[in-house]
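Structure assessment
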Amino acid sequence: MNSNINKQSAEKTKQQLESVFVSPMRSYTLTALDYYDQLISAQMDAARAYSDMAIAQARTWLDVKDADSFKKAMDSQQKTASEFLERVKGDTEKVTSISQSFAQDSQKQAEETTKKAVETAKQ
């Protein structure tokens, strides 16, 4: 009889630990991994785009041979600078959005975990 009570107590403790600690940590870890995956992906896309712009500009300047090609290179430089600024703005907004989503998800999970812990403590 005493052994059965100990098993029930151990099982209840295990369920409480799962509910209050393990499950929330697993959930948070998945959220964090998704966040870092999205963030790194956005950064890699941005780095590739910036590299492509720089290489294209270098090639444009290598083609300068006279005043006309110099003017074309200058026009290209201005266009690229404008595109670069737009790209930076878009990338900044994307990273901000990803970060805000992560913060909201983390806060929601923290609130749920706190609620579960309070409910478990009442049992």
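Here the structure is a predicted model, which is why all the values come from computation and not from measurement.

**Some thoughts on the pattern of salt bridges**
Counted by the stated rule, this structure contains five salt bridges. Linking R48 and D52 is a salt bridge whose minimum nitrogen-to-oxygen distance equals 3.5 Å. Here the residue R48 and the residue D52 both occupy positions in helix α1 (residues 2-62), the gap between them amounting to four residues, near one helical turn. R48 sits in the exposed class, given a relative accessible area of 57%.

**Quick notes on the side chain of T31**
Following the sequence through the fold, T31 ends up in helix α1. Looking at T31, the relative accessible area reads 13%, which means it is buried. At 2.6 Å, the side chain of T31 forms a polar contact with the side chain of Q109. With residues near it in sequence (within four places) discarded, T31 still touches F102, D105 and Q109.

**Here we look at the nonpolar core**
Within the largest apolar cluster, six residues are counted, these being A32, Y35, L39, A42, I98 and F102. Those elements that place two or more of their residues in this core are α1 and α2 (67-122). For this core, the element with the most residues is α1, which contributes four residues.

**Let's talk about the UniProt feature "domain: Phasin" (unreviewed entry) in the chain**
In the numbering used here, UniProt assigns the "domain: Phasin" (unreviewed entry) feature to residues 13-112. With 96% helix and 0% strand, the stretch residues 13-112 has end C-alpha atoms that lie 19 Å from each other.

Rules and cut-offs
Residues numbered from 1 in each chain as written. Predicted model: local features only at pLDDT ≥ 70, side-chain atom pairs only at ≥ 80, totals over all residues. Heavy atoms only, no water. Salt bridge = Lys/Arg side-chain N within 4 Å of Asp/Glu carboxyl O. Helix = DSSP H or I, 4+ residues; strand = E, 2+ residues; numbered from the N terminus. Buried < 20%, exposed > 50% of the residue type's maximum accessible area, 1.4 Å probe, protein only. Polar contact = N/O pair within 3.5 Å; in protein donor to acceptor, adjacent residues only side chain to side chain. Contact = heavy atoms within 4.5 Å. Core = buried A, V, L, I, M, F, W, Y, C linked by side-chain atoms within 4.5 Å. UniProt positions renumbered as here; feature names shortened; annotations may be inferred.

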